Amino acid sequence: MATEVVLSASSTDSTIHVWDIRTGSSVFSFKQSMSKKGGLALCAKPGHTSDVGSIVTAQTDRAILNVYQWHKDQVCHKMTTAEKMITVTCSHQGQYLAAATTSGGKVYLWHTPTGHLIRVFEAHYRQITRLAFSNDDTTLITASEDASVNVWLMSQLLQTDQDDLTARPAPLYSWSDHTLPVTDIHVGYGGMSGARVCTSSLDHTVKLWDLATGQLLTTFLFPKAVLSVIMDPSETMLFAACENNIYSVELYRRREDQTYKVSTVESVGGSGRVESVGIKEGHTTNGQSLGAVYSGHTQNINSLTLSFDGTVLISGAEDGQCIVWDVLSRQPLRKFENHKGPVTFVSCFLRPIELHPDAANQNISPMPWKQLKRAIATSEEEHRNGSDQVIQDNKMDIALHQQLVEEGPLYSNIQTELQPMKNAANLLRDMKVHS
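These lines cover the structure that appears in this document, whether it is placed above or below.

What counts as what
- Residues numbered from 1 in each chain as written.
- Predicted model: local features only at pLDDT ≥ 70, side-chain atom pairs only at ≥ 80, totals over all residues.
- Heavy atoms only, no water.
- Helix = DSSP H or I, 4+ residues; strand = E, 2+ residues; numbered from the N terminus.
- Buried < 20%, exposed > 50% of the residue type's maximum accessible area, 1.4 Å probe, protein only.
- Contact = heavy atoms within 4.5 Å.
- Areas by Shrake-Rupley, 256 points an atom, 1.4 Å probe, with all protein chains shown as cover.
- Core = buried A, V, L, I, M, F, W, Y, C linked by side-chain atoms within 4.5 Å.
- Pairing = 2+ DSSP bridges.
- Axes fitted to C-alpha atoms, helices over the stretch in contact; angles between N-to-C directions.
- Polar contact = N/O pair within 3.5 Å; in protein donor to acceptor, adjacent residues only side chain to side chain.
- Salt bridge = Lys/Arg side-chain N within 4 Å of Asp/Glu carboxyl O.

**Some points on the overall build of the protein**
A tally of helices and strands in the protein yields four helices and 31 strands. The buried share of the protein, reckoned over its 435 residues, is 49%. The contacts in the protein between residues at least 6 apart in sequence include a share of 50% that link residues at least 24 apart. Of the accessible surface of the protein, which amounts to about 20900 Å², a share of 50% is contributed by carbon and sulfur atoms.

**Let's talk about the nonpolar core**
Proteins that are soluble and globular tend to have nonpolar side chains buried together. Counting residues in each nonpolar core, the largest one holds 19 residues, and the members touching the most others are Val56, Leu65, Met85, Leu97, Trp110 and Trp369. At the level of secondary structure, the elements contributing two or more residues to this core comprise strand 4 (40-45), strand 5 (48-58), strand 6 (64-68), strand 8 (85-90), strand 9 (96-101), strand 10 (105-111) and strand 11 (116-124). Of all the elements, strand 8 adds the most residues to this core, at three residues. Beyond its immediate chain neighbours, meaning those up to four positions away, Leu97 contacts Val56, Leu65, Val88, Thr89, Cys90, Tyr108, Leu109, Trp110, Thr112 and Leu372. In this structure, Leu208, Val226, Leu238 and Ala240 belong to the second largest nonpolar core, which totals 17 residues.

**Notes on the side chain of Ser144**
Structurally, the position occupied by Ser144 is in strand 13 (residues 139-144). Taking the relative accessible area as the measure of exposure, Ser144 reaches 0% and is therefore buried. Apart from the residues lying within four places of it in its own chain, the contact partners of Ser144 are His124, Arg126, Gln127, Ile128, Thr129, Pro181 and Val182.

**Notes on the pairing of strand 29 (residues 322-326)**
Among the five residues that make up strand 29, four are buried, leaving the element largely enclosed by the rest of the structure. Note: strand 28 (residues 312-317) against strand 29, five bridges, orientation antiparallel. Within strand 29, the residue paired with Leu313 across the bridge is Trp325. Following strand 28, the chain reverses through four residues before pairing antiparallel with strand 29; Gly320 in that reversal takes a positive phi of roughly 85 degrees. In the sheet, strand 29 pairs with strand 30 (residues 331-336) via five bridges, with the strands oriented antiparallel. In the strand pairing of strand 30, Val324 is matched with Arg334. Here strand 29 hands over to strand 30 after four residues, with Arg330 in that stretch at a positive phi of 65 degrees.

**Looking at the sheet that holds strand 19 (residues 216-221)**
The five strands are arranged 16-17-18-19-25 in an open sheet whose pairing can be described as mixed. This sheet does not close on itself; its edge strands, each paired only once, are strand 16 (182-187) and strand 25 (273-276). Averaged over all pairs of adjacent strands, the angle between strand axes in this sheet comes to 20 degrees, irrespective of strand direction.

**Re unusual backbone geometry**
In this structure, Gln32 is a non-glycine residue whose phi angle is positive, near 65 degrees. If you trace the backbone, Gln32 turns up in the loop between strand 3 (26-30) and strand 4. Judged by its relative accessible area of 47%, Gln32 is partly exposed. The residue Ser271 is not glycine, and still its phi comes out positive at about 60 degrees.

**Describing the side chain of Ser148**
For Ser148, the location among the structural elements is in the loop between strand 13 and strand 14 (149-153). At 3.1 Å, the side chain of Ser148 and the side chain of His124 are in polar contact. For Ser148, the contacting residues outside a window of four places in its chain are His124, Thr142, Ala143, Trp175 and Val182.

**Here we look at the pattern of salt bridges**
In this structure the tally under the stated criterion is nine salt bridges. Of the charged contacts in the structure, one is a salt bridge between Glu354 and Lys45, with a shortest N-O distance of 3.0 Å. With a gap of 309 residues between them, Glu354 in the loop between strand 31 (343-350) and helix 2 (379-385) and Lys45 in strand 4 connect regions that are remote in the sequence. Of the two residues, Glu354 and Lys45, both sit in the buried class. Taken together, the salt bridges that share partners define one network made up of Arg253, Glu266 and Glu275.

See the structure below:
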């Protein structure tokens, strides 16, 4: 049976813990990693977006990205980078890795199957706080201490025919409605044409955006600075961490039509309106504040995650605790207290097959990685070194596939299987000429 686990990490505790969401018991752990908020990314196995194959962490003290995999608790690959990184993210298909530097607002973009550095560009004028890909990997979204959020088209970032690949590309959207540093990004489900994006800020607001049009839909105003934000899987409820409390907001509400004696459901906000949460003001419904509160942490909350069905909420905070909440009752179910420092990252996902009891009897290959390049390769170097491509859901041998499609110098010493067909074609051509 598929069960869910939580991965939690700290900025001072060198152990990454993986624990069961139902019991709170430790399942696995990784050693020798300390990453700040936003400095850890889960990388999916190529072709299997729901399977976590690797964990990448940006180290707090060195210009190194650590790569961990489920077959060992130590670092599998140490990727030395040209600059020290503070935040990192991986595309949902596991094909691209993006990281932002500690100084300024520079972004590095790699192609993970080959390790090639594809792009380096200045995305912001101040330090980047969060990076996120849209679910269809068509856009990369960056948030910064400069109070802005930029949306970048991946098709533009992957262009290699430009003269200067370090030049700053033009963002698809530049959202500058926040007035203080942006702390978190959450990208909703769906492709670019239908997804919604939440951004939180120290200015006490969470803003909801339409990724298709770039328009601001709703601004939610909270009583304190918002440090983390997330929506439930159905995108009907929003959770915002404000210092040591969590506020939940229903994104749809029921309204009674007194004229026709029917009830209708309408979205909260819209058209850029401002909705107050946890603040009693006259313009709120019935004079009462919108939203409910989860209280239990004693220090600032850094990260939020939800179970697959949205019934369980997990929070990680500066007090070193991870609390598992029942969403409906807002009561804590259990606590995970194995961390010896501030918790900077929590994420809930299906238990990897490598951690199942019978995994030792299965032949499971680890996710392949190539060393990340520190400089952008020239076209000549890429042509000389070649590129490893992953053909998904294809059981045909790659050599045989290339041999059947096109002859080349690589297989010049192998008798091609197309030769009988070519001989028959030549015979038919000769018969037509003689006739």
